[in-house]
Amino acid sequence: MINFIVKYQKLSFSIYYWLLVIIAVSMPFSPFLMSLGQILLLLNWIAEGNFDEKWRILKIRKSIWFFIAFYLMHIIWLIGTEDWKFTEETLRIKLPMLILPIIIGTSKEIPVEKIHTLLKFFIASIISATIFSLFVYYGFTGHEIKDIRDISIFISHIRFSLMIVLCILTILHWIKEDIRISKKQFLLVLIVIWFVLFLIFMKALTGLVILSVTMFLLILIFVNRVDNPILKIFLIIILYSIPFIGIVSIIKTYNIYYNKNNYNVSQLPMYTPNGNKYLHDTLSWEKENGKLVRLYLCEDELRKEWNKRSKIKYDSTDKKGQDLKSTLIRYMTSKGLTKDSAGITKLTGKDIINIEKGLTNYIFEKKWSITPRLYEVIWEIDHYCHTGSTNNQSVTQRFIYLKIAIYLIKKNFVFGVGTGDLPKEYLNYYETHNTGLEKDKWWNTHNQYLRVFATFGLIGFIIFILAFFMPPYFERKYNSYYFIMIFIIILLSFVNEDTLETQAGVTFSTFFYALFLWGADRKLK
C-alpha cells in the first residue's frame, strides 16, 4: 500500500498537468468534459496527499484566500435568500473559483515548456472549434442558424471570442519573442490572421473590441522593455494605429448610416411607372444607408411581384422570424431602389436569397467585414432613440438591464439583494414596470460589476475588486505578460457580460487566471 502511494505521488504531477490540458482543450467544445476534468483534478489532489505541505502553503499564500473570498462571500450572503433553486445553481457554477485556486495554488509549479505545450493544445482546440463553426454555418451539421453568432453551438459566442482573443495575444507574444523569419513564424502569423478574420466573420464586436483594447494596453505597458529598436518602433506604430483604425471604422459606418439624401417633397412622383399611387412618408425617421425607408413605396406592386419571385410570401415572415415585407422594404431602400414592381425586377437572385434569410441591408451580406456589425449597433441606437423599443436588439436591450441594476443598487446599497435573489428582483421589476421588453427578453444585468454590486452591495463589491486585484500584488505578477494579458481580458469582459455566471465563462476566467498567477513557473515572464 505504501509503495502504491509513493508511486502515485510520483505520477500525480503528470496526472495533474494532463488534466489541466484536458480542461483547456474541452473549453470550446464540452461543458461536460470541463466539469469532469475539474472533478478528476480534485480527486487527484486529494489522492496525492501531502496535506501538511498544502496547508502550510495555504497559510502563507494570502493571495489564494483573497481570491476564494469572493466565492465564500456567496455563502455568507445566503442569509435572507429566498430563491434556493437559483442559489444552488450559482454556487455550483462558480465552484471553479473555489477549487481551481486551491488546487493550482498548492501544487508544484509547471515548467515554462509545459505551459507552452498546454497553450499549444488550447490553441489547436480553438482552431478546431473555428473550423467546426464553419461547418455549422454551411449546414453540414444540420443546426439551424438564424444569426451568424449561432455558429458557436457549445458555448456563448462571446465566451468563444474571449478564448480566441487569448490565443491571438499569446501567439503575438511568441512571434515577438523570436522575430527571425522561419516556417514556424510564418505559420504563427497565418494562425493570427485566421483568428482575426474569424472574429470578423462571426461579427464578434465584443471580442474585437477586447482584442484591440487589450493589445493597446499590453503594448503601452511592455513596449519600453523591448530591446530591439526596429521591433519597438513597429509596436509604437501599432499602439497609435489601434485607436485610429477604430475611430475611422466608426466614422465610416456612421457616415454610411446617416448619409444625407436631400428630397424635394414637391417633386416626389405621385405614381409608379405602372400608374399606381406611391406612398411617401416624409415624416418617418427610418433610414437605410441614409435613404428614407418610407419613400417610393407601393405595396400592391411589391406584393404581386415579390410573390412571383419567392416561395416565401410577402405577408409571411423571413427565416429570422421578421415580417418579410419590412425586411424587403428596408433591403430595397439600402440599394436605392424604388419599392415597386420596377424595383423588384432590379433585385438579383442573390438579393432574393438575402431577403429570405432576413438581411435588411445589402451590406449585411459582407462576411469578412466588421462594418455590418457596427452599422447594426448604430441602427439599434437610432431605433431606440426614436421609439424607445429594444426588443431583439442585443446592444440597446442592455440599457434596460443596466437601468434595473442601478435601481436595485440604490435600493440595496450596502448589502445587496443576497446571493440567490437577483433574478427574483429583476422579475419583480419587469412585472411592475413597463420596460417594453417581451418576456423572453427579461434577462439580467449583462455587466459583471453591476451584477456583483446589486447582489452583494458596496461591501461585497469591494471584496470582489480585492479578490481580483490583490492576488497579483502578493504574487508580484504585475510584470508577467501572460498574467496581465488574461487579467485585462477578464476585466474588460466584465463590462459587457456576466462572465462569471456561466460554466464556460467562469471556468475560462478562473482557469487561466489561476494558471498564470499560481501554476506557472516564475520564469514564465
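Everything here concerns the structure above.
Residues numbered from 1 in each chain as written. Predicted model: local features only at pLDDT ≥ 70, side-chain atom pairs only at ≥ 80, totals over all residues. Heavy atoms only, no water.

Novice: Would you mind going over unusual backbone geometry with me for this structure?
Specialist: Keep in mind that most residues, glycine aside, have a negative phi and that most peptide bonds are trans. A positive phi is found at Lys203, a non-glycine position, where the angle reads about 55 degrees. Its place among the elements puts Lys203 in the loop between helix 9 (183-201) and helix 10 (205-222). On the accessibility criterion, Lys203 (10% relative accessible area) is buried. Backbone geometry places Asn289, a non-glycine residue, at a positive phi of 55 degrees. Within the secondary structure, Asn289 sits in the loop between strand 1 (287-288) and strand 2 (291-292). (Helix = DSSP H or I, 4+ residues; strand = E, 2+ residues; numbered from the N terminus. Buried < 20%, exposed > 50% of the residue type's maximum accessible area, 1.4 Å probe, protein only.)

Novice: Explain helix 10 here, please?
Specialist: Three- or four-residue spacings in an α-helix give side chains the same orientation, since the helix completes a turn every 3.6 residues. Under the 1.5 Å per step criterion, the end-to-end length of helix 10 is 26 Å for 18 residues, consistent within 8% with the ideal 26 Å. Within helix 10, burial applies to Thr206, Gly207, Leu208, Ile210, Leu211, Thr214, Met215, Leu218, Ile219 and Phe222. In this fold, the buried residues of helix 10 make contact with helix 8 (157-177), helix 9, helix 11 (229-257) and helix 20 (481-496). (Expected span 1.5 Å × (residues − 1). Contact = heavy atoms within 4.5 Å.)

Novice: For this particular structure, what's the right way to read the pattern of salt bridges?
Specialist: Any two side chains of opposite charge can pair if their charged atoms end up close together. Throughout the structure, instances matching the rule amount to 22 salt bridges. Residue Lys441 is joined to Asp440 by a salt bridge in which the shortest nitrogen-to-oxygen separation is 3.1 Å. Through salt bridges with shared partners, a single network forms among Lys94, Arg451, Asp498 and Glu501. (Salt bridge = Lys/Arg side-chain N within 4 Å of Asp/Glu carboxyl O.)

Novice: Which parts of the structure should I look at to understand helix 16 (residues 371-387)?
Specialist: A rise of 1.5 Å per residue sets the reference length of helix 16, with its 17 residues, at 24 Å; its end C-alpha atoms lie 24 Å apart and thus fit the reference within 8%. Residues Thr371, Pro372, Arg373, Leu374, Tyr375, Val377, Ile378, Trp379, Glu380, Asp382 and His383 constitute the buried set of helix 16. On its buried side, helix 16 packs onto helix 10, helix 11, strand 1 and helix 13 (324-334). Just downstream of helix 16, Gly388 is the residue with a positive phi angle, here 75 degrees.

Novice: Got a minute to help me understand the environment of Phe154 in this structure?
Specialist: Structurally, Phe154 can be placed in the loop between helix 7 (112-137) and helix 8. We classify Phe154 as partly exposed; its relative accessible area is 37%. A sequence separation of 118 residues divides Phe154 from Leu36, and the C-alpha atoms of the two residues are 16 Å apart. In this structure, Phe154 is in contact with Pro28, Phe29, Pro31 and Phe132, ignoring residues within four places of it in sequence.

As far as function goes, none of this settles anything; it's purely spatial.
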